[in-house]
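# Survey of secondary and tertiary structure
What follows is the residue order along each chain.
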There are 2 protein chains.
Amino acid sequence: MRYLIKFSYDGTNFHGFESQPDYRTIEDELNKALTYINNGKETKLVASGRTDKGVHALGQIAHVDIMVSITEEKLKRALNSLLPNDIHVIDAKVVSDDFHARYMAKEKIYQYKLNMGEYNPIERNYVYQLSQKLDITKMNKAIKYFIGKHDFRAFTETKEKRSSYEREILEATIEKEEDILTFTFRGTGFIKYQVRNMVGLLIQIGLGKKDVDSVTKIIEGKTRSAGYRTAHPEGLYLVQVIYKKDVK
Amino acid sequence: MRYLIKFSYDGTNFHGFESQPDYRTIEDELNKALTYINNGKETKLVASGRTDKGVHALGQIAHVDIMVSITEEKLKRALNSLLPNDIHVIDAKVVSDDFHARYMAKEKIYQYKLNMGEYNPIERNYVYQLSQKLDITKMNKAIKYFIGKHDFRAFTETKEKRSSYEREILEATIEKEEDILTFTFRGTGFIKYQVRNMVGLLIQIGLGKKDVDSVTKIIEGKTRSAGYRTAHPEGLYLVQVIYKKDVK
């Protein structure tokens, strides 16, 4: 039986999502629990995508094939009793055998949280503590230039090689609540570091160190600009993975 | 010179506020940094009160005497550069020599945060993950019985011995935002475990396991009831310590 699993995690104490020898990763913890449930037969899930070291997820999705007979509710409960307290399975359900968590993902929503105010130790691993005032009006103008279909080569690692860098951003907003800013990006997919690099550039614009139109210039330049830094991982959340209605 | 220091901390990785041999405590970390600034002369602060293991503070207050000449702004900066990233000095200012952070504290505000919804790994150290629905109407009625001057003997540890257990609660409210409840208590002072025990009883009332009028019964009984548990520490925040206007 193929199951879809929806789960959340606190990325702070993991060395990222992807399985790695000698490091604690989210994928390894899940595979260990799934293998145990699957009577010791090595079991590997397929997630919608990876997240980097320190990045969190509120609604990550994966699929996995399990041979033993187990109800959805029992699978959820078994996983949560086996998993460490920084990963939590929100939902487990049976899907058709051709469901694929990565290939069938239609859209993803990411959020980035940033504190412009006094450093807050309680949120240091969950909200990036910039502690500098930003010009929100400028950033709100700039973020709109990301919307649409673009070649995002300039917003990934320089060493990152892939067949296509084209992605479509459908929604990009900034919300302000007191000193906390929340950036929301909804798109058809995101390449490595893309969200953190977009936020990094927006921070420079908010600080007045880059112009609003630098977004378009950098996209068109198709090369990683030295004009901004990748925003810290702790402010980033994979919020939701969206599939076609008839799949879920 | 006597300084007032306002600071915040994440209680997760401390063994409570109070200095202890062989354990990492907030008081020891601050005293170490203050001693360094005070040219190596052993320096100890006096806080408004202690907080237990796992409890957080957004606005703890202490006073400390420093012999070396240092401006308020430089003291704040020096402390923040020496302190670990789970303690942060928000403010440092010169006060008169007779200011006393504990004896002169007029009121304190504590908050307690609780999640009635799905377990959230990201907030596991900052919001108590009850993951059960509570009857807010009943709890709102019950919490009002705490307001006023009472003998709170029944809301401390059984072994806790002190000359007076009388404290006055001036304000007690519950706010709901989606599945998160925030309890706020403002009072002239709180004895050990008092807030967590009050919340523990309110949870039992919200679950329907205790009646609304059990608050008054337990206060009047003057003995620790077996009918509830001390609420977990990670939901508790010392939010503010209030002094007479002319002191600060």
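Keep in mind that what you see is a predicted model, and the values were worked out from it rather than measured.

## Brief notes about the pattern of salt bridges
Counted according to the given criterion, the structure contains 32 salt bridges over all chains. Across the salt bridge formed by Glu107(B) and Arg186(B), the nearest N and O atoms sit 2.8 Å from each other. Placement of the pair is Glu107(B) in strand 5 (residues 107-115) and Arg186(B) in strand 9 (residues 180-187), with a sequence separation of 79 residues. In this structure Glu107(B) comes out as buried when scored by relative accessible area, which is 13%. Beyond isolated ion pairs, a larger network of salt bridges with shared partners links Arg24(A), Glu29(A), Lys32(A) and Asp86(A).

## Structural notes on the domain arrangement of chain A
All names here are of chain A. The domain boundaries assigned to chain A delineate domain 1 (2-94) and domain 2 (107-242). Domain 1 and domain 2 are separated by 27 Å when their C-alpha centres are compared. Taken together, the contacts link 16 residues of domain 1 with 15 residues of domain 2. Taken together, the two surfaces of domain 1 and domain 2 that pack against each other cover about 1,100 Å², and 56% of this comes from carbon and sulfur. Three residues stand out in domain 1 for area buried against domain 2, namely Asp 52, His 56 and Leu 58, and they jointly supply 41% of the buried area on that side.

## Quick notes on the nonpolar core
Core analysis: the biggest nonpolar cluster contains 73 residues, and Phe7(A), Leu114(A), Phe146(A), Phe155(A), Phe183(A) and Phe185(A) have the highest contact counts within it. Among the elements that make up this core, the one with the highest residue count is helix 4 (residues 194-206) of chain A (seven residues). For this core, the two domains that each supply at least three residues are domain 1 (2-94) and domain 2 (107-242) of chain A. Setting aside residues no more than four positions away along its own chain, Phe155(A) makes contact with Phe146(A), Lys192(A), Tyr193(A), Gln194(A), Asn197(A), Met198(A), Leu201(A), Ile218(A), Ile219(A) and Tyr228(A). Ile169(B), Phe183(B), Val215(B) and Ile219(B) belong to the second largest nonpolar core, which has 71 residues in total.

## Examining the relation of the copies chain B and chain A
Mapping chain B onto chain A calls for a screw motion: a turn of 180° about the axis and a shift of 0.0 Å along it, with 0.0 Å RMSD after fitting. Taken together, the turn and the small shift mark the pair as related by a two-fold rotation axis. Measuring from the rotation axis to each C-alpha of chain B, the shortest distance belongs to Glu123(B), at 4.9 Å. When the interface residues of chain B are mapped onto chain A, 100% of them are again interface residues, pointing to one common binding face.

## Considerations on the pairing of strand 8 (residues 166-177) of chain A
All names here are of chain A. Bridging between strand 7 (residues 148-151) and strand 8 involves four bridges; their strand directions are antiparallel. The partner of Asp 151 across the bridge, within strand 8, is Glu 166. Looking at chain direction, strand 8 and strand 9 (residues 180-187) are connected through eight bridges and run antiparallel. Across the sheet, Ile 174 pairs through a bridge with Phe 183, a residue of strand 9.

## Observations concerning a negative patch on the surface
On the surface, a cluster of negative charge is made up of Glu175(A), Glu177(A), Glu178(A), Glu175(B), Glu177(B) and Glu178(B). Counting only elements with at least two residues in the negative patch, the list comes to strand 8 of chain A together with strand 8 (166-177) of chain B. Take Glu177(A): it is sitting in strand 8.

## Some words on helix 4 of chain A
Residues and elements named next belong to chain A. Helix length check: helix 4 (13 residues) gives 18 Å between terminal C-alpha atoms against 18 Å at 1.5 Å per residue, within 8%. Helix 4 sits mainly inside the fold: 13 of its 13 residues count as buried. Of the residues one or two after helix 4, Gly 208 is the one with positive phi, at around 85°.

## Here we look at unusual backbone geometry
Residue and element names in this part refer to chain A. A positive phi angle, close to 55°, is found at Asn 39, a residue other than glycine. Judged by relative accessible area, which is 67%, Asn 39 ranks as exposed. Unlike most non-glycine residues, Lys 222 shows phi in positive territory, near 55°. Among the structural elements, Lys 222 can be located in the loop between helix 5 (214-221) and strand 10 (236-243).

## Regarding the interface of chain B and chain A
In this assembly, 21 residues from chain B lie in contact with 21 residues from chain A. Buried surface at the junction of chain B and chain A, summed over both partners, amounts to about 1,600 Å²; 56% is from carbon and sulfur atoms. There are four salt bridges connecting chain B and chain A. The salt bridge involving Asp10(B) is made with Arg124(A); its shortest N-O contact spans 2.7 Å. Counting across the chain B and chain A interface gives ten residue pairs in polar contact (both at pLDDT 80 or more). For the side of chain B that touches chain A, the secondary structure elements donating two or more residues are strand 1 (2-9), strand 3 (56-65) and strand 4 (87-95) of chain B. Considering every element that reaches the side of chain B that touches chain A, the biggest residue donor is strand 4 of chain B, with four residues.

Each value, and the rule that gives it
Residues numbered from 1 in each chain as written. Chains lettered and ligands numbered in written order. Predicted model: local features only at pLDDT ≥ 70, side-chain atom pairs only at ≥ 80, totals over all residues. Heavy atoms only, no water. Salt bridge = Lys/Arg side-chain N within 4 Å of Asp/Glu carboxyl O. Helix = DSSP H or I, 4+ residues; strand = E, 2+ residues; numbered from the N terminus. Buried < 20%, exposed > 50% of the residue type's maximum accessible area, 1.4 Å probe, protein only. Domains from an automatic or database assignment. Contact = heavy atoms within 4.5 Å. Buried area = accessible area lost by both parts, 1.4 Å probe. Core = buried A, V, L, I, M, F, W, Y, C linked by side-chain atoms within 4.5 Å. Least-squares fit on C-alpha atoms with pLDDT ≥ 70 in both. Pairing = 2+ DSSP bridges. Patch = residues over 30% accessible without salt bridge, like charges linked within 9 Å, V, L, I, M, F, W, Y side chains within 5 Å. Areas by Shrake-Rupley, 256 points an atom, 1.4 Å probe, with all protein chains shown as cover. Lys, Arg positive; Asp, Glu negative; His and termini not counted. Charge placed at Lys NZ, Arg CZ, Asp CG, Glu CD. Expected span 1.5 Å × (residues − 1). Polar contact = N/O pair within 3.5 Å; in protein donor to acceptor, adjacent residues only side chain to side chain.

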